[in-house]
Amino acid sequence: MEIKLDDLTGADVAKLIGEHLHNMKQNSPPESIHALNLDQLQKPEITFWCAWEGKELLGCGALKELDHQHGEIKSMRTSSFHLRKGVAKQMLQHIVEEAKQRGYNRLSLETGSMDAFEPARRLYASFGFSYCQPFSDYTDDPNSVFMSKEL
């Protein structure tokens, strides 16, 4: 598996982000969806990576700079064809290492509180993320869980 920076212009990437947004709509009420679309992911404060095996897209993930000491994980997604193969684990490790290299003191994320998001919450907890209060522009939401890790 190779993790590479991506400019979000490829058809495979657009399809994966579309799958991600569709899944969010199936599992979360509209007011609780914080997933970003292609245009939103192209903002300068966001770095986006894709995991590839040859020409096959395995998954993606992004890191948003909230400030010079705090980053947020965004758009973690494994292709439905590659679930349970360690793609998310490797992408998360890549993002954590990048956050450390940037000198961030803290890395945070928002994910769903519903059962469909339990595997994601377990993955984040296995990396040392713990539950926290809303951060940045987030507010309390019974459909959201907030997690953070000191780096």
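As the structure is a computational prediction, the values presented were derived from the model and not from experiment.

Enquirer: Quick rundown of helix H3 (residues 87-101)? Include the residues and the values.
Expert: The first and last C-alpha atoms of H3 sit 21 Å apart over 15 residues, in line with the 21 Å expected at 1.5 Å per residue. Within the sequence span of H3, burial applies to Val87, Met91, Leu92, Ile95, Val96 and Ala99. Along the long axis of H3, the arc covered by the buried residues comes to 160°, so they all point the same way. Opposite the packed face of H3, turned more than 90 degrees from it, sit the exposed residues Lys89 and Gln101. In the segment just after H3, glycine 103 is the residue with positive phi, at about 85°.

Enquirer: I'd like a rundown of the sheet that holds strand S6 (residues 130-131), residues and numbers included.
Expert: Taken together, the 7 strands give an open sheet; going across it, the order is S1-S2-S3-S4-S5-S7-S6, and neighbouring strands pair in mixed fashion. Edge strands, defined here as strands with exactly one partner in the open sheet, are strand S1 (2-5) and S6. Against the sheet, helix H1 (residues 11-27) contacts strand S2 (46-53), strand S3 (56-67) and strand S4 (70-78), and its axis sits at roughly 95° relative to S4. Together, S1, S2, S3, S4, strand S5 (106-112) and strand S7 (144-150) form the strand contacts of H3, whose direction differs from that of S3 by roughly 30°.

Enquirer: Before we move on, can you summarise the pattern of salt bridges with the specific residues and values?
Expert: For the structure on display, the rule yields 6 salt bridges. When the shortest N-O distance is used, the salt bridge between arginine 102 and glutamate 98 registers 2.9 Å. Across the pair glutamate 118 and arginine 121 runs a salt bridge whose closest N-O atoms are separated by 2.7 Å. Linking glutamate 118 with arginine 121, this pair stays in helix H4 (residues 118-126), spanning 3 residues, or about one helical turn. Classification of arginine 121 by relative accessible area gives buried; the value is 7%. Where salt bridges share partners, they join Glu118, Arg121 and Arg122 into one cluster.

Conventions adopted
- Residues numbered from 1 in each chain as written.
- Predicted model: local features only at pLDDT ≥ 70, side-chain atom pairs only at ≥ 80, totals over all residues.
- Heavy atoms only, no water.
- Helix = DSSP H or I, 4+ residues; strand = E, 2+ residues; numbered from the N terminus.
- Expected span 1.5 Å × (residues − 1).
- Buried < 20%, exposed > 50% of the residue type's maximum accessible area, 1.4 Å probe, protein only.
- Arc of directions from axis to C-beta.
- Pairing = 2+ DSSP bridges.
- Contact = heavy atoms within 4.5 Å.
- Axes fitted to C-alpha atoms, helices over the stretch in contact; angles between N-to-C directions.
- Salt bridge = Lys/Arg side-chain N within 4 Å of Asp/Glu carboxyl O.

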